[in-house]
Structures are given as C-alpha cells and as structure tokens.
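Here's the letter readout for the chains.
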Protein chains: 2
Amino acid sequence: MTIIFSKKCEYGLQACLYLAANKKDEVYTSDEIAKQLKIPKEFVSKILQSLTASGLISSKKGKNGGFSLAKDPQKIKLIDIVAAIDGLDIFENCVLGFPNCSSDTPCPVHNKWGELRTKAYQMLTEETLDVFKETTLTKINNL
Amino acid sequence: MTIIFSKKCEYGLQACLYLAANKKDEVYTSDEIAKQLKIPKEFVSKILQSLTASGLISSKKGKNGGFSLAKDPQKIKLIDIVAAIDGLDIFENCVLGFPNCSSDTPCPVHNKWGELRTKAYQMLTEETLDVFKETTLTKINNL
DNA sequence: GTAAAATCAGATAATAATATCTGATTTAAT
DNA sequence: ATTAAATCAGATATTATTATCTGATTTTAC
Ligand code: FES
Ligand code: FES
C-alpha cells in the first residue's frame, strides 16, 4: 500500500537523494543506483529518464554515461521531485476522500488534516537536498 | 492517486460517518448510502459487507434490510475503520519508501515524518464518531 | 572503425486496485 | 405461498500501477 507517494515517486526521491549524497561531477548509472538502493533497475531507469525530461536530473548517454543532478543539491528540494512525479494534488485533497476539500465545506477532520498537510508540505519544502547527505548515506549503508 | 487511504478505506470511512450521523436504530441500504455519498454502490456494498465481517457494522438481511453501526457511535473511532480495511502499516512505514523505518536507521525526514504520523494517528484516535455528526451532515449536504 | 556500455523510447507483462455483474439466500409484506 | 427487496458470495471486468523486455541510438575506449 502506498503511504503518500507512489512507488515511482518514492524511488525518484531515493535516487535523487542518492545522487545528492555522492560526488557532484560524477555520473551514476541506473544499474548502480538501483543496486545501491535495492530497487528494480529498469523501473528506476524509467523514472530517471522522466526526471531528466523534467529537468531535475541530467543524463549522459553512451559508454561511461549515467545520471547526475541537473543543479546543485542546494537548489533542489524534495517537493520538486514530488511535484515532478506525483504532482501536488495530495496537498489539496481530502484525507477521507470527500470532494471539494476546503474550509467552506470541511469534512470532520478537515482542520486537523489541513495542519498536518501543511507541515508535510513544509517538511518537503524547507530543506534542500544537500542537507540530507549524511542521513542518506547512513540510511543507504543500512539497506 | 491515493493520499493515504485506499478508495476502499475512504468509502468505508464515509459510510460509517454517514451511519453515525443518522438514526441509530434504523438501517440504511447500500444503495441509499451510495446515493447519498455519491460513490459506487456495488463497491460500497462490498465494503460494508467486509466491515460487517469485521464486526464494526451490523447488517439486516432481506426486505427492509440494510446496514447500521454495530456499536454506539461513541464507541467507534476512525482508526478502527482504517485498521479494519487498510491496516495500520502506514503508521509504521517510511514516507520515502525506505525499508526499516526506525530511529535506529532513520531516513532524512524520519524525525519530522514520525511526528506527523503520530499526529495523524491521534487525529483518527482521539474522537469517536458521534463527535462528527454535525460536520458529516453538512459535508454530505454539500456533495 | 569496432566493440562495449550506457541512455532512451516504446511495447509488453504482471500485479494490484477499483468497479461491476450474476445469482443465491434471506426476510418482510401482502 | 408469492413477491419484492435486501444482503451476501463469488466471479468477472476494468483500470492503474509496478515492473520488465526489446531494440535503437549515443558515446567512449581501444
Ligand atoms: S474536506 Fe476533508 S480534509 Fe478537507
Ligand atoms: S525511515 Fe523514513 S520515515 Fe522512518
């Protein structure tokens, strides 16, 4: 079951974190990223391709090719990756699945959920990828 | 896209809120519930059946039959419905999709997410269905 | 130039989630 | 008794998500 993000998005986030945690000028192949993160390689390859199309990641074709971040890790936020893959609808929709989530027509948990949703958004917005280097590395080393 | 809960769970939550907001001793057919909530009737029928099996809802078969809450709305919490349908894994898993979510092997957002997750859990745990009567009715009237 | 290693594009496959259908059974009203 | 209206069980259909495959193209190293 998905928590909040689709698998595609989760893997995309992980891959970007991986790239941010590694050497900036080097490229990493989808195979290597998949191996390190222990996620399906063809799938992550597709995701990286789409993130390349979105402009978040840049790719180098051919032998010795691979993927790297398109900008400085200090300029990329988790929300950027989410926006590119899953979109931002989750931050506007009712947690109970009712239509028209708004303070005009609130569901029973609208106020509480609204707060949490905002904080979740902040969690993805406040920091940039460079801040996560250490934690990412130790997390990956424990996979 | 799912926010947190599956459609099945969303509809189950809505249906239970509907029942809690209405007359306690009356039964409501899946058709009526579906119509009121504007959700697919066969689907909600299935969901109500499974909630009946879980013991949250009780059903009356045959003509003039239908569904009602199995206990007082004061004894049912949203979390009970979630637990019966989607389970509680979401409250234990990593929002970025990494395995082994714990403070021993935290991902970059583990601390923040942990807090939000706890608050989301509280949101579903603190109050019982009877508290939601009013809000539910006005929400449904605006569908 | 040839071979190897990579992205890339598009098709396909597999699985899960969502939704609907069919018929059986149960119950109440007439 | 008969009929109508409902749950119920199980099959089926549809759609979306996740995952894999195939081959083309690009690039580097030799
Ligand atoms: S209406 Fe439910 S969260 Fe806004
Ligand atoms: S490890 Fe990511 S939320 Fe706990």
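These notes cover the structure that comes with them. This structure is a prediction, so every number in the text was calculated from the model and none was measured.

Calculation notes
Along every chain, residues carry numbers that run from 1 in the direction the sequence is written. Lettering for chains starts from A, numbering for ligands starts from 1, and both go in the order in which the items are written. Confidence filtering applies because this is a predicted model: local features only for residues at pLDDT of at least 70, side-chain atom pairs given and counted only at 80 or more, and all residues used for totals across whole chains, interfaces and linings. Side-chain measures here rest on the full set of heavy atoms in the structure, leaving out hydrogens and waters. The helix and strand labels rest on DSSP assignments: H or I over at least four residues marks a helix, E over at least two residues marks a strand, and numbering proceeds from the N terminus. Residue contacts follow a heavy-atom distance rule, with two residues in contact if any of their heavy atoms lie within 4.5 Å. All accessibility values rest on the Shrake-Rupley procedure with a 1.4 Å probe; residue burial counts only the protein chains present in the view. Neither His nor the chain ends contribute to the count of charged residues, in which Lys and Arg are positive and Asp and Glu negative. Every charge is mapped to an atom, namely NZ of Lys, CZ of Arg, CG of Asp or CD of Glu. Distances are taken per atom, and a residue is near a molecule or strand as soon as one of its heavy atoms is within 4 Å of it. Throughout this description, a polar contact denotes any pair of N or O atoms lying within 3.5 Å of each other; where both atoms belong to protein, one of them has to be capable of donating a hydrogen while the other can accept it, and for residues adjacent in sequence the pair is counted only when both atoms sit in side chains. Under the scheme applied, nonpolar residues are Ala, Val, Leu, Ile, Met, Phe, Trp, Tyr, Cys and Pro; charged residues are Asp, Glu, Lys and Arg; polar residues are all the others, including Gly. In short, buried area is how much 1.4 Å probe accessible area vanishes from two parts on joining, totalled over both. Throughout this description, the term salt bridge denotes a Lys or Arg side-chain nitrogen within 4 Å of a carboxyl oxygen of Asp or Glu. The span expected for a helix works out to 1.5 Å for each residue beyond the first. Exposure categories follow from relative accessible area, calculated using a 1.4 Å probe and restricted to protein chains: below 20% of the type maximum is buried, above 50% is exposed, and the middle band is partly exposed. This arc describes the spread of directions from the helix axis toward the C-beta atoms. When the copies are overlaid, the least-squares fit takes in C-alpha atoms only where the residue has pLDDT of at least 70 in both copies. For helices, the axis comes from a line fit to the C-alpha atoms of the stretch in contact; other axes are also lines fit to C-alpha atoms, and the angle between any two N-to-C directions lies between 0 and 180 degrees. Orientation is classified from the angle alone, with under 35 degrees giving roughly parallel, over 145 giving roughly antiparallel, 65 to 115 giving roughly perpendicular, and any other angle giving oblique.

Turning our attention to the overall build of chain A. Assigned secondary structure in chain A consists of 6 helices and 2 strands. Reading chain A from its N end, one meets helices and strands in the order α-α-α-β-β-α-α-α. Viewed in the frame of its principal axes, chain A has a C-alpha envelope of about 55 × 30 × 25 Å. In chain A, the share of contacts with a sequence separation of at least 24, taken over all contacts with a separation of at least 6, comes to 62%. Accessible surface, chain A: about 7100 Å² in total, of which carbon and sulfur atoms supply 47%. Here chain A carries 19 positive and 17 negative side-chain charges, and the mean point of each set is 6 Å from the other.

Lining the immediate surroundings of DNA strand C are 25 residues, of which Ser30(A), Ser59(A), Phe43(B), Gly62(B) and Lys63(B) lie closest. The share of sugar and phosphate among atoms of DNA strand C within 4 Å of the protein is 66%. In the environment of DNA strand C, a phosphate oxygen lies 2.2 Å from a nitrogen or oxygen atom belonging to the side chain of Ser59(A). Tallied by class, residues from the surface near DNA strand C come to 4 nonpolar, 10 polar and 11 charged.

Time to look at the interface of chain B and chain A. With 41 residues of chain B at the contact, the number on the chain A side is 41 residues. Both faces combined, the contact of chain B with chain A buries some 4100 Å², and carbon together with sulfur accounts for 72% of it. At the boundary of chain B with chain A, the tally comes to 4 salt bridges. Close ionic contact of Glu127(B) with Lys112(A) constitutes a salt bridge, the shortest N to O distance being 3.5 Å. Connecting chain B to chain A are 13 residue pairs in polar contact (both at pLDDT 80 or more). When residues of the side of chain B that touches chain A are assigned to their parent elements, the largest contribution, 6 residues, is made by helix H5 (residues 110-125) of chain B. When the residues that make up the side of chain B that touches chain A are grouped by side-chain class, the tally is 25 nonpolar, 9 polar and 7 charged.

A word on helix H3 (residues 41-54) of chain B. Residue and element names in this part refer to chain B. Taking 1.5 Å as the rise per residue, H3 with 14 residues should run 20 Å; its terminal C-alpha atoms sit 20 Å apart, in good agreement. Burial in H3 covers these residues: Val-44, Ser-45, Ile-47, Leu-48 and Leu-51. Buried residues along H3 cover an arc of 165 degrees about the axis, so they all sit on one side. Exposed side of H3, more than 90 degrees from the buried face: Glu-42, Lys-46 and Ala-53 are the residues found there. Where H3 is buried, its residues contact helix H1 (7-21), helix H2 (30-37), strand E1 (57-60), strand E2 (66-69) and helix H4 (78-85).

You can overlay chain B on chain A at an RMSD of 0.0 Å; the transform is a turn of 180 degrees with a shift of 0.0 Å along its axis. The superposition operator between the copies reduces to a two-fold rotation axis. Residues of chain B ranked by C-alpha distance from the rotation axis are headed by Ile4(B), positioned 2.6 Å from it. The fraction of interface residues of chain B whose copies in chain A are also interface residues reaches 100%, indicating that both copies meet through the same surface.

This next bit is on the packing of helix H4 (residues 78-85) of chain A against helix H5 (residues 110-125) of chain A. Residues and elements named next belong to chain A. Closest axis-to-axis distance for the H4/H5 pair is 6 Å, and the angle between their directions is 110 degrees. In terms of their interaxial angle, H4 and H5 are classed as roughly perpendicular. Contacts from Leu-78, Ile-79 and Val-82 in H4 reach Tyr-121, Leu-124 and Thr-125 in H5. Broken down by class, the residue content of the contact of H4 with H5 amounts to 5 nonpolar, 1 polar and no charged.

The next point concerns unusual backbone geometry. In this structure, Asn64(A) is a non-glycine residue whose phi angle is positive, near 65 degrees. Residue position: Asn64(A) is located in the loop between strand E1 (57-60) and strand E2 (66-69). When its relative accessible area of 61% is taken as the criterion, Asn64(A) is described as exposed. A positive phi angle, near 55 degrees, is found at Asn100(B), a position not held by glycine. Under the relative-accessibility criterion, Asn100(B) is labelled exposed at 52%.

As a further point, take helix H6 (residues 133-141) of chain A. Residue and element names in this part refer to chain A. All of the buried residues along H6 are Thr-136, Lys-139 and Ile-140. Down the axis of H6, the buried set is contained in an arc of 95 degrees. They therefore lie on one face. Structural note: H6 exposes Glu-134 and Asn-141 on the side pointing more than 90 degrees away from its buried face. The inward-facing, buried residues of H6 abut helix H1 (7-21) and helix H2 (30-37).

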